Amino acid sequence: MKTSARAVIIGGGVVGASALYHLAKIGWTDVTLLEKSELTSGSTWHAAGGMHTFNGEANISRLQKYTIDLYREIEALSGQSCGLHPNGGLMLAATQGELDSLKLICSRARYLGMETEMISLEEALRLNPLIDPSYFIGALWRADGGHCDPSGTTHAYVKAARRLGASVERFTRVVSLAQRRDGSWDVVTDKGSIHAEHVVNCAGLWAREVGQLAGIELPVLAMEHHYLITEDIPELAGRAQEIVNTTDYAGEIYMRQERGGALIGTYEPHGIPWSPVKTPDDFSMQLLPDDFERLAPCFEVGFRHFPALGRAGIRKAINGPFTFAPDGNPLVGPIRGLRNYWVACAVMAGFSQGGGIGLVLSRWMANGDPGQDILSMDVARFGAFATPKYTSIKVPENYSRRFRLAYPNEELPAARPVRRSPIYDRLLAAGAVMGANFGLEHALWFAPPGVAPTETPTYRRSEAFPIVGEECRAVRATVGLYETTNYGKYEVTGRGARAWLERVFASRIPNPKRLGLAPMLNAAGRIVGDLSIACLEQDRYLIVGSGFAEEFHLRWFWASDPPPDVFVRSAASTLCGVSVAGPNSRELLQGLVRVDLSAAAFKLFHLVETAVGFAPAILTRAGFTGELGYEIWTTPDYFATLYDELCDAGRPLGLVRFGGRALSSLRLEKGYGSFNKDFRPDYTPGETGLDRFVDFNKPDFCGRAAALAERAAGPKRRFVVMEVLGEDADVVGYESILKDGAAVGYVTSGAYGHCIAKSLAAGYVPAALARDGERFEIDILGEMRTAIVRLEALHDPQGRRLRG
C-alpha cells in the first residue's frame, strides 16, 4: 500500500468509484481508493440499478443525463460492460395535480435538450403492457433512462481509473483521520498510514462514521428499502424489447423488466430507519429481513395498477439499506473549517447521479469550483440546525414522499418548528401560515379572521391567491411589516476588515453610515452571492443576504482567508429584524425615533444606530418591495417589544403584516432578482444585470479578470422580467422559454403581480433578444402562453416612491 497520495477516497461504492475515475481523468493519477471490504459491498451491490434524468432541480437533471451518457465512455475505456438497458422512462399520472407535474417536467425538458413528450395512455400501454390504464389519466415518456448492472458499472469506473494510473486497496479499513498544520491528512488504516493532501468521504452507509473521524456530524440516515422480483410474466414473453421503466405516482411504485419477470419497488409511508446511531463495522454484502406484512398494502396497490404482477409469483425479495439526507438530495462538497476534506455521500440514486457527482467533485478539488451550479446538492445547504434528531425525523418523511409530488406551495411538517424567532407566537396569532428556511420558521402569508391558515397544494393558484393580493395592495397603499429574521446575517470586524472585504466583494465597499448592494463572484466571474453591506464604522460591518445560504456564505468567507486582524461570524442568532415598507412607513417610524427621517436627511441606503422605541437598533433605509421602506435590526431580547411597538404605532396608519408570497410579487413588479431563484453560480454579472454594482476600477477582487473579459465581450444571455398572458396558473421555475418554436431560455422565478394585474415570469434569454416588447412563449402546464419582455419596472419605473 502507498504511504502518500494526493487524494484518498474512502468508500468503494459507485460514488467512490466515480470520484476515483474523474480525478484520474483530470490528471490526478496519484489517487487511492480505500474500501474496508469488497467493492460495492455496502448499498451498491443490492441496488436496483435504475437510471433516469427526472429531478425537480434542473441542474441535477443535467448531471443525471451526463451520468447516463458517461457509461458508454467507461465501458470503452475499461473493457467492462455496465450491463446497460437503455429503455427510457415512463411516468404515470392519476390526478390533475400529477398531470400538471408531468407537464412541468415536459416544459423543463425542452431547454435541457432531453427528448421528452406527453403521450396518450394507449401509447403508454404499448410501452408497458402491464399497465391497467383505467387508473390513470396521462403519461410522460423520456428517452433517457433504463437500468444497468450495479456491480459491472462500479467495476467499469474502477478499471478505467486504474488504466489512468489510480489505485485501489480493498479490505483496508480506515480507523482514524488526523489533520496536519498544513491542511494535509494522515489516513490511518488497519494496514498502515497514508499521508494525503485531500480526503474524500464517499463511505455511503458509513459516511456518518467517517465524518465523525474528522469531528463532524453529517446529516445522513439509512433507511430500509424493499423491492421484489417476480417470476416470469406471460405478457412479457416474445416482446422484441423490454418494457420501459415505469413510475406510478399514485401507487408510489416503480417497476422495470427483470429478464422474463418484473422488478417492483416502493417507498412506503412508514419507512424504517436502519442503524440510526452507528453502522455496524462488519456489515458487508448483507441484506435485511423481509417485512411483507408491513409492505403488503403498498404492493397491493401496485398489483391493482399492474394486474399481471399480482398473478405472478415472487422469485426474490430484496431488503437493503440506503442512506439519505433530510431533503433526499446528495451531500457534496467541502466542509467549512476542514481544509481539504470533501464529502460525496447520501447519494441514493447512485446510478443516475454518481457520474455527475464525480465530475463536479473533481472540478471542485482541482479548480476550487464545481464548474456549475450545484446548490441543491451542496453539503452547505444544511447548518447547525440539521442535528441527529432533526435528521432522524426528516429523512423518514422524505423517504415516504419519494414518489409523491412536491408542490411549489407545499410546506412539509416534519421536524418543525425547530428555529423560532421571538415573535413566532405573535405571528401565528395574527394568522401566519409558516414556511421554514434553513430551519427557521417565517411567515408566507396571513389568513384573515375567519379563514383557516391552511392551503391546498397545487401547481395552480390556490385559495391564498386573493389574500396575498390584499397584502400586496396594502403595502403599496399604506404600510406593511415583514419579518426579516430569516435573512442571512454576518458581522465582519477588525482593522483589516475593509481591505479584506474589498477583495472578497466585487462592489465598492460603502463608507461609514452607508449601505451598498454587493455582488460576490467566484474566480470564474460567476455569482456566488447577492448581498448588502452596511458599514457601521470603518472597522465594523453588517452583511445581509439569503438565509438559506448562511452556511454556504460562511464557508466562502472562511475559504477567502480572512487575515488575523479580521473576524467573521454569523449573526443569525444574535440579530432579528423587520422590514417596514409603504408610503406611511416614514410616518410610522418617525414617532418611534429621534433622528430625522425626512427624505433630505435620511436618504436611500443611509443607516444609523439608534433607539427605535425601547430597542437599540440598526436602522437602514432599504427594502425589497420598491416602496419607501426601512429595515430594523435588533437583538432577540428586544425584538418582541420592537414588534409590539411597531404594530401599535402602525395601527392608525393602516399597518398590514405581509409574508414571503407577497414579497415575491412585489419584487417582481419592480424587476428585482433574488439569489438562489434568479441569481445563482451559473450566472455572471453581465447576465444578471448585477454588473452595475461591480467596481471595475478596483485593482483586485475575486473574479475581476473574468468580469472584465465579459464586459469587453458582452454577455451571451440576459435576465429579464416578462409579462405573461396567463389565466389560472403562473410559472413555477425552469419552464422553457421558446422563440419560433425553439427553446432559447428558461424561467427562474415568477409570481402574479397583484398591484399591476399581470402574471410575471423572470428568466434568461439570449442577449440579442433581450429587447423591450420582444415576444416569446412559455409552456405553462402544457399551455403555450405569450410572454412579453418588459425592461422597465412595471411598478414605479422611475423609482420615485422608493426614493421619496
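**Details of the overall build of the protein chain**
No. 1: Scanning the protein chain from N- to C-terminus turns up 20 helices and 38 strands.
No. 2: In terms of C-alpha radius of gyration, the protein chain reaches 27 Å, essentially the compact-globule figure of 28 Å for 804 residues.
No. 3: By residue count, 62% of the 804 residues in the protein chain fall in the buried class.
No. 4: Long-range pairs, those at least 24 residues apart, make up 73% of the contacts in the protein chain between residues at least 6 apart in sequence.
No. 5: Carbon and sulfur atoms form 51% of the exposed surface of the protein chain, whose accessible area is close to 29,600 Å².
No. 6: Positive and negative charge centroids in the protein chain, built from 85 and 91 side chains respectively, lie 5 Å apart.

**Some details on helix 2 (residues 58-78)**
No. 1: The terminal C-alpha atoms of helix 2 lie 30 Å apart, and with 21 residues this matches the ideal 30 Å at 1.5 Å per residue to within 8%.
No. 2: L70 marks the point of greatest bend in helix 2, at about 30°.
No. 3: Just beyond helix 2, the residue with positive phi is G79, at close to 75°.

**Section: the packing of helix 2 against helix 9 (residues 350-367)**
No. 1: Close contact between helix 2 and helix 9 brings their axes to 7 Å; oriented N to C, the two are set at 100°. Here helix 9 runs roughly perpendicular to helix 2, going by the angle between their axes. Between helix 2 and helix 9, the contacting residues are I60, L63, Q64, Y66, T67, L70 and Y71 on the first element and G350, F351, S352, Q353, G354, G355, G356, L359 and V360 on the second.

**Thoughts on the sheet that holds strand 37 (residues 775-780)**
No. 1: Read around the closed barrel, six strands run 33-36-35-34-37-38, paired in antiparallel fashion. If you compare each strand with its neighbour and ignore which way they point, the axes differ by 40° on average.
No. 2: Inspection of the sheet shows strand 34 (residues 736-739) paired to strand 37 by two bridges, in the antiparallel sense. Each residue of the ladder has a partner; that of L738, found in strand 37, is E777.

**A word on the sheet that holds strand 23 (residues 488-493)**
No. 1: Pairing is antiparallel in the open sheet, where five strands are placed in the order 24-25-26-23-27. Each edge of the sheet is formed by a strand with only one pairing partner; in this case those strands are strand 24 (514-521) and strand 27 (567-570). Going from strand to strand, the sheet's axes swing by 25° on average, the running direction of each strand aside.
No. 2: Across four bridges, the pairing between strand 23 and strand 27 is antiparallel.

Rules behind the numbers
Residues numbered from 1 in each chain as written. Predicted model: local features only at pLDDT ≥ 70, side-chain atom pairs only at ≥ 80, totals over all residues. Heavy atoms only, no water. Helix = DSSP H or I, 4+ residues; strand = E, 2+ residues; numbered from the N terminus. Rg over C-alpha atoms; globule rule 2.2 N^0.38 Å. Buried < 20%, exposed > 50% of the residue type's maximum accessible area, 1.4 Å probe, protein only. Contact = heavy atoms within 4.5 Å. Areas by Shrake-Rupley, 256 points an atom, 1.4 Å probe, with all protein chains shown as cover. Lys, Arg positive; Asp, Glu negative; His and termini not counted. Charge placed at Lys NZ, Arg CZ, Asp CG, Glu CD. Expected span 1.5 Å × (residues − 1). Bend = angle between axes of the 7 residues up to and from the residue. Axes fitted to C-alpha atoms, helices over the stretch in contact; angles between N-to-C directions. Parallel < 35°, antiparallel > 145°, perpendicular 65-115°, else oblique. Pairing = 2+ DSSP bridges.

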